[in-house]
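Examining the three-dimensional arrangement
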Amino acid sequence: QVTLHAGAELDARQVPQYTLILRAACPGENEVEERLFVRVTPGNVLRCDSPFASAEGDVVQVLADVAPRTPLYAVLLQPLGGLTVMGQGFPSPSFLQFRLRNHNTPLTLTRRGLVLAPDNGFDPCNDTQTFRLEIDVMDRHGHNCSGAVKVEVLPSRHPLITFPEPHRAVTVTEAIGPWEVVTQVHARGDNVHYALLAPVAPALFTIDEVTGEIRSTRRLEGTQVQLLIQAYNVLHPKDRATATVNITVQRTDHQAPRCVPAIFVSRVPETESPGSTLVTLRCTTSTSTDGCLHYALEGPPSSLSHFCMEGPQLKVNTTLDYDSEATAALGFQFTATIVVTVGEQPLQSTRVPVLVTVTPVNEFRPVCPNGATFTVPETAAFGSVVGRVAGSDRDYPLDSLEYSLEGGSGPAQPFSIDRRTGEIRVVRSLDSQQQNNYRLVVRLTDTHNDLDLRKRQSRLCDVSVRLQAVPDPLPVCIPEVQELRITAGSPGSRQPVARLLCHSSPDSAALTYTIVGGNEDGRFRLEGNTLVYLPNDRAKPHPFVLMVEVWGGSGARRRSSLVARVVHVTPRSTPVPPSTTTQHTTPQKEPLVVVQTEAVWHPPAWFVAVLTISGALLLVTLGCMARSLLCR
């Protein structure tokens, strides 16, 4: 007898036929071998695949915060007639019946083979929960199949519902109207909704289940109510928390508070430290205490950033910088208003004007300029500007300084300084040969930087003035070349010929004159600037070409010029004896020597190269401009 193995599963599509080899033998006879062919034909038989049909069953893991009645598991028809376990969303055939054998589970099995989450969701605890479902499946022909599903519920990953402030006290006035927001509660968690648990009657308040806003249902009168608020996860109602809100309704005080001082005006130095108290208001009402008064500061953003209110105290919030441009633009004054209200009632408020004037404090010393070195020619005239000492000061008004020279303006001091501008000027003649470098000590003193004029700061600065040597100009004589004719006097006499008209710079030393050429036999000499001839017994006319060197200046700066004087000397007339013979004498002309000084400038090679390149670039630029104009 050939039987089918108990655990065997036949599949006509995969293996349609099996070949069995059978061997049989009787004692004393030969063994006989035969073959048996078993053909598998398709049939409508229910078959449960593993792991659903295994002894342990299939395993499904879900989170504890899954929504109520969420499909967790579905048993679906297998293509070959068997059954398999699939995810949610796959419907089961209508001709199958599903039955749950164990009923000690909160899970639900539907008629279509879907395993649903509990109606109220899972318990949001911190431990893993396990539920086992044993399911029987039967078709309309009576074929059946069974299996098991184990559902493991893991702890929820979402935060539990909690109130950051489980106890809260709110005070309102009886002037609040119906449906006005009294306060708002807030709970942490996911899918949070709110509910008002108590009191149920009288219903003075209601709560918005989404936002948590608590509103009044009618005009309130003086009373005190304690509300019990519950916050819960709408997907997991068991995840919930409660809080209490104590609401005190105060009677309205119809009289505004009275404050001392009613106006606050003050002068505050710029060094006032943050946190300092400028004024403390003393405000009272007819029925309220100081604890019911609220203080707020209103005004421009600049005032709100520099001052703040701490209860009835007006305090400095940030540094009051008198030296900033922003403070200067405000006129160094800050305005604000302190609003004092009773129980947060805007209609019952008192306004205290505030005017704070920031006063300057001399905080910084003047700063010397970097590299205060000046150069001035030694020929600079009286009052010429040598340079300007540009000191600085960070106190407002910026750079308000006075300048002075240490040691004053004595006879040895050729410079002076302007007290306001710091300009150094020449007040005496300069000579680079006597002194070519001066070291001046300039005192910088700040002004108008403090209310106390005695609080002034100063600094000494070193200033160097270098003299630039300027050579004296050449002596100029008019004319440079002159031709003179004289008749010689008696021998041994002194005969003035002409005066040399020469001049140099006004402040140069006296000119000196020297004959350096053409003075034959020493017949001429100079007496100052006067050319003198000393006659002798020369009988013939004779021209003299005299070269005179004129010196100007003094010391190493002496310079000279040459002038020429051509003097024709004619002897005295003598009686001539009569003669019948007429002799014609042709006077011999002497050459006239003319000396002319011309200034010639020989530029260096680099200057010529730069000038050439600049000219070429200019020509190229003009060409490009002309071409662009023609193209247009």
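An unreviewed UniProt entry annotates the protein chain as CDHR4 protein originating from Brachypodius melanocephalos. What UniProt states about the protein chain under its Subcellular location (unreviewed entry) heading is, verbatim, "Membrane".

Okay, the overall build of the protein chain next. Within the protein chain one finds 3 helices and 43 strands. The buried share of the protein chain, reckoned over its 632 residues, is 36%. Here the analysis covers contacts within the protein chain between residues at least 6 apart in sequence; of these, 65% occur between residues at least 24 apart. Accessible surface computed for the protein chain: about 38,500 Å², of which carbon and sulfur atoms make up 53%.

By the definition in use, this model includes 3 disulfides. Across the disulfide from C368 sits C461; the S-S distance is 1.8 Å. Judged by the sign of its S-S torsion, about -85 degrees, the bond between C368 and C461 is left-handed. In this pair, C368 is assigned in the loop between β27 (345-359) and β28 (373-377) and C461 in strand β34 (residues 458-468), connecting sequence segments 93 residues apart. Of the residues examined, C368 reaches a relative accessible area of 22% and is grouped as partly exposed. Under the relative-accessibility criterion, C461 is labelled buried at 3%. A sulfur-sulfur distance of 1.8 Å marks the disulfide that ties C477 to C502. The S-S bond linking C477 to C502 shows a torsion near 110 degrees; that makes this disulfide right-handed.

Turning to the sheet that holds strand β29 (residues 385-388), a few remarks are in order. Across a sheet, strands are paired by hydrogen bonds formed along the backbone, either parallel or antiparallel in direction. Ordered in space as β29-β32-β31, the 3 strands form an open sheet in which the pairing is antiparallel. What marks the edges here is a single partner per strand, and that holds for β29 and β31 (415-417). Going from strand to strand, the sheet's axes swing by 20 degrees on average, the running direction of each strand aside.

A cis amide bond links A198 to the next residue, P199, at an omega of -5 degrees. Secondary-structure assignment places P199 in the loop between β14 (192-198) and β15 (205-207). With an omega dihedral of 0 degrees, the bond running from V260 to P261 counts as a cis peptide bond. Topologically, P261 is positioned in the loop between β19 (258-260) and β20 (264-269). A positive phi angle is found at F332, which is not glycine, with a value near 60 degrees. For F332, the position within the fold is in the loop between α2 (325-329) and β26 (333-342).

Charged atoms that come close allow side chains of opposite charge to pair. For the structure shown, the criterion picks out 21 salt bridges. As a salt-bridge pair, E298 and R351 come within 2.7 Å of each other at their nearest N and O atoms. Linking E298 in strand β23 (residues 293-298) with R351 in strand β27, this pair joins segments that are 53 residues apart in sequence. A single salt-bridge network, built from bridges that share partners, covers R99, R101, R132, E134 and D136.

This part takes up the sheet that holds β28. Spatially, β28-β34-β33-β30 is the arrangement adopted by the 4 strands of the open sheet, whose pairing is mixed. Of all strands in the sheet, those with a lone pairing partner are β28 and β30 (401-405), marking the two edges. Across the sheet, the mean angle separating the axes of adjacent strands is 30 degrees when strand polarity is ignored. Across 9 bridges, strand β33 (residues 437-446) lies against β34 in antiparallel orientation. What sits directly across from L444, in β34, is R459.

We now examine the packing of aromatic side chains. Scanning the entire structure with this criterion turns up 10 aromatic pairs. Each member of the aromatic cluster is reached from another via a ring pair, and the members are Y322, F332 and Y396. Above the ring of F364, the side-chain terminus of R394 is found at 4.0 Å from the ring centroid.

Of note, S216 is situated in strand β16 (residues 213-216). From its side chain, S216 meets the backbone oxygen of G177 in a polar contact 2.6 Å long. In contact with S216, other than residues within four places in its own chain, are G177, P178, W179, E180, V182, L204 and F205.

This part covers the confidence of the model for the protein chain. For the protein chain, the average pLDDT comes to 83, and 87% of its residues sit at 70 or higher. Under a pLDDT of 50 for its full length, residues 575-588 has, in the predicted model, 0 contacts with residues more than four places off or in other chains.

The next subject is the environment of N436. Its place among the elements puts N436 in the loop between β32 (423-426) and β33. Classification of N436 as partly exposed rests on a relative accessible area of 48%. The spatial distance from the C-alpha of N436 to the C-alpha of R466 is 5.9 Å, given a sequence separation of 30 residues. Non-local contacts of N436, meaning those with residues more than four positions away in its chain, are made with V465, R466 and L467.

About the cut-offs
Residues numbered from 1 in each chain as written. Predicted model: local features only at pLDDT ≥ 70, side-chain atom pairs only at ≥ 80, totals over all residues. Heavy atoms only, no water. UniProt positions renumbered as here; feature names shortened; annotations may be inferred. Helix = DSSP H or I, 4+ residues; strand = E, 2+ residues; numbered from the N terminus. Buried < 20%, exposed > 50% of the residue type's maximum accessible area, 1.4 Å probe, protein only. Contact = heavy atoms within 4.5 Å. Areas by Shrake-Rupley, 256 points an atom, 1.4 Å probe, with all protein chains shown as cover. Disulfide = S-S within 2.5 Å. Pairing = 2+ DSSP bridges. Axes fitted to C-alpha atoms, helices over the stretch in contact; angles between N-to-C directions. Salt bridge = Lys/Arg side-chain N within 4 Å of Asp/Glu carboxyl O. Phe/Tyr/Trp six-rings, centres within 6.5 Å; stacked < 30°, edge-to-face > 60°. Lys NZ or Arg CZ within 6 Å of the ring centre and 35° of its normal. Polar contact = N/O pair within 3.5 Å; in protein donor to acceptor, adjacent residues only side chain to side chain. pLDDT = per-residue confidence, 0-100.

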